[in-house]
Amino acid sequence: MPGMPPPAADERQTLIEFLRFNQDAFFSVAYGLTDEQARSAPSVSSLSIGGLIKHAANVQKGWVDRASAAPEMPPRDERPMEEIMAEYADQYVMRDDETLAELLTELAKQNAETLRVFADVDLDAPVPVPHDVPWFPQDVDNWPVRWVAMHLIEELARHAGHADIIRETTDGATMYELMAANEGWPETDFIKRWRPRQDAAT
């Protein structure tokens, strides 16, 4: 992936390319991390890179399910609220029994499903707004699917930014050097591929 989304011929492809670009950011920000580093929360936030990767997969699934079901609501989750909330909280935490490789594999699967759905779904289909969620608007009954795509771009970009800060706090690595290393960019005078600190010192 180059450092910016490519030009696109139409609206749908533009949405897909910006979705893909922000999906891929999580693979670069996690590049070279150990499981322990991915699990750590070194900044003032309680978030970790592993937890953000889990959330990036889950938030896509939730919205893709809504877009796929439009104009109907997706099937209602009939589990007890305590179980639902516990699962939601778990989305933000990389547990001791989880590995970074596993989380990235699950994210890659969901990324592919997200792009598959938005390649075919009717962008004008109305997605019902659940009025029992306090942060959703009470005066809007539905969003078009294109709004959902834009919202996912917003969500992924926001959390990729969170992950950038956490990664820099972890080991000083920054976005472009990580992208250069992850994607094999040629090195220049102003962009070098990320290397572990102990390697760079030798």
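Notes on the structure follow. (Residues numbered from 1 in each chain as written. Predicted model: local features only at pLDDT ≥ 70, side-chain atom pairs only at ≥ 80, totals over all residues. Heavy atoms only, no water.)

**A look at a nonpolar patch on the surface**
The grouping of M81, M85 and Y88 at the surface amounts to a nonpolar patch, some 320 Å² of accessible area in total. Since its relative accessible area comes to 38%, Y88 is described here as partly exposed. (Patch = residues over 30% accessible without salt bridge, like charges linked within 9 Å, V, L, I, M, F, W, Y side chains within 5 Å. Areas by Shrake-Rupley, 256 points an atom, 1.4 Å probe, with all protein chains shown as cover. Salt bridge = Lys/Arg side-chain N within 4 Å of Asp/Glu carboxyl O. Buried < 20%, exposed > 50% of the residue type's maximum accessible area, 1.4 Å probe, protein only.)

**Side note on the nonpolar core**
For soluble globular proteins, the rule of thumb is that nonpolar side chains tend to be buried together. Formed by 44 residues in total, the largest nonpolar core has its most connected members in I49, I53, L100, F118 and V145. Taken together, the elements giving at least two residues each to this core come down to helix 1 (11–29), helix 3 (49–69), helix 5 (100–120) and helix 6 (145–171). Every residue in contact with L100, bar those within four places of it in the chain, is listed here: A30, L33, D35, A38, I53 and M94. M179, A180, W185 and I191 belong to the second-largest nonpolar core, a separate cluster that totals five residues. (Core = buried A, V, L, I, M, F, W, Y, C linked by side-chain atoms within 4.5 Å. Helix = DSSP H or I, 4+ residues; strand = E, 2+ residues; numbered from the N terminus. Contact = heavy atoms within 4.5 Å.)

**Some remarks on the packing of aromatic side chains**
If you walk through the whole model with that rule in mind, you get nine aromatic pairs. Plain terms: the ring middles of W143 and W147 are 4.1 Å apart, the flat faces sit at 0° to each other, and that makes the pair stacked. On the basis of relative accessible area, W143 is assigned to the buried category, the value being 7%. Using a relative accessible area of 31% as the deciding quantity, one classes W147 as partly exposed. Put simply, the rings of W63, W135, F136, W143 and W147 pair up and form one aromatic cluster. For R167, the ring lying beneath its charged end belongs to W194, and the centroid distance is 4.9 Å. (Phe/Tyr/Trp six-rings, centres within 6.5 Å; stacked < 30°, edge-to-face > 60°. Lys NZ or Arg CZ within 6 Å of the ring centre and 35° of its normal.)

**Some words on the pattern of salt bridges**
All chains considered together, the criterion is met by 17 salt bridges. For D90, the salt bridge identified is with R95, shortest N-O distance 2.9 Å. When its relative accessible area of 26% is taken as the criterion, D90 is described as partly exposed. With a relative accessible area of 32%, R95 lands in the partly exposed category. The shortest N-O distance in the salt bridge between R95 and D97 comes to 2.9 Å.

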